[in-house]
Amino acid sequence: MTTVTTIPSVPTGQIKTFGPFGPKYQVVNALRELDDGDWMIRIKLLETDEEAEYRLSSINDDPKAP
């Protein structure tokens, strides 16, 4: 039997901040589903150009950057 994984809607390209006053990051793409049903997403930290992984549930809680 084949299991089909549905990738959630990810705000790709959107610029957000870590909380209301944190640094800005850009949402890049979905990476993998986690055991708890959340997703790990690749983000790009705009101040340093580094890439990191961040939970989709946290991205959804963070505000859009002004």
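For the structure, check the block above.
A brief structural summary. (Residues numbered from 1 in each chain as written. Predicted model: local features only at pLDDT ≥ 70, side-chain atom pairs only at ≥ 80, totals over all residues. Heavy atoms only, no water.)

## Re the sheet that holds strand β4 (residues 51-55)
If you walk across this open sheet you meet the four strands as β1-β2-β3-β4, and the pairing is antiparallel. If you trace the sheet from one side to the other, it starts and ends with β1 (15-17) and β4, each paired once. Ignoring strand direction, the axes of neighbouring strands in this sheet form an average angle of 50 degrees. As defined by bridge partners, strand β2 (residues 24-33) adjoins strand β3 (residues 39-45) across seven bridges and the pair is classed as antiparallel. Among the inter-strand pairings, A30 is bridged to a residue of β3, identified as I41. (Pairing = 2+ DSSP bridges. Helix = DSSP H or I, 4+ residues; strand = E, 2+ residues; numbered from the N terminus. Axes fitted to C-alpha atoms, helices over the stretch in contact; angles between N-to-C directions.)

## Quick word on the pairing of β4
In this sheet, β4 lies alongside β3 in antiparallel orientation, the contact comprising five bridges. Looking across to β4, one finds that I41 is bridged to Y54.

## Section: the side chain of D62
Structurally, the position occupied by D62 is in the segment after α1 (56-61). No salt bridge is formed by the buried D62; the nearest opposite charge belongs to K16, separated by 6.4 Å. From its side chain, D62 meets the backbone nitrogen of G19 in a polar contact 3.2 Å long. A polar atom in the side chain of D62 sits 2.9 Å from the side chain of Y54. Each residue touching D62, except ones within four places of it in the same chain, is listed here: K16, T17, F18, G19, Y25 and Y54. (Buried < 20%, exposed > 50% of the residue type's maximum accessible area, 1.4 Å probe, protein only. Lys, Arg positive; Asp, Glu negative; His and termini not counted. Salt bridge = Lys/Arg side-chain N within 4 Å of Asp/Glu carboxyl O. Polar contact = N/O pair within 3.5 Å; in protein donor to acceptor, adjacent residues only side chain to side chain. Contact = heavy atoms within 4.5 Å.)

## A look at the nonpolar core
Grouped together as the largest cluster of nonpolar side chains are 10 residues: V10, Y25, V27, A30, W39, I41, I43, Y54, L56 and I59. The set of elements that each furnish at least two residues to this core consists of β2, β3 and α1. For L56, the residues in contact, after removing those within four places along its chain, are P8, S9, P11, D38, W39 and I41. (Core = buried A, V, L, I, M, F, W, Y, C linked by side-chain atoms within 4.5 Å.)

## Quick look at unusual backbone geometry
The phi angle of most residues is negative, glycine excepted, and most peptide bonds adopt the trans form. Backbone geometry places D49, a non-glycine residue, at a positive phi of 65 degrees. As for its position among the elements, D49 is in the loop between β3 and β4.

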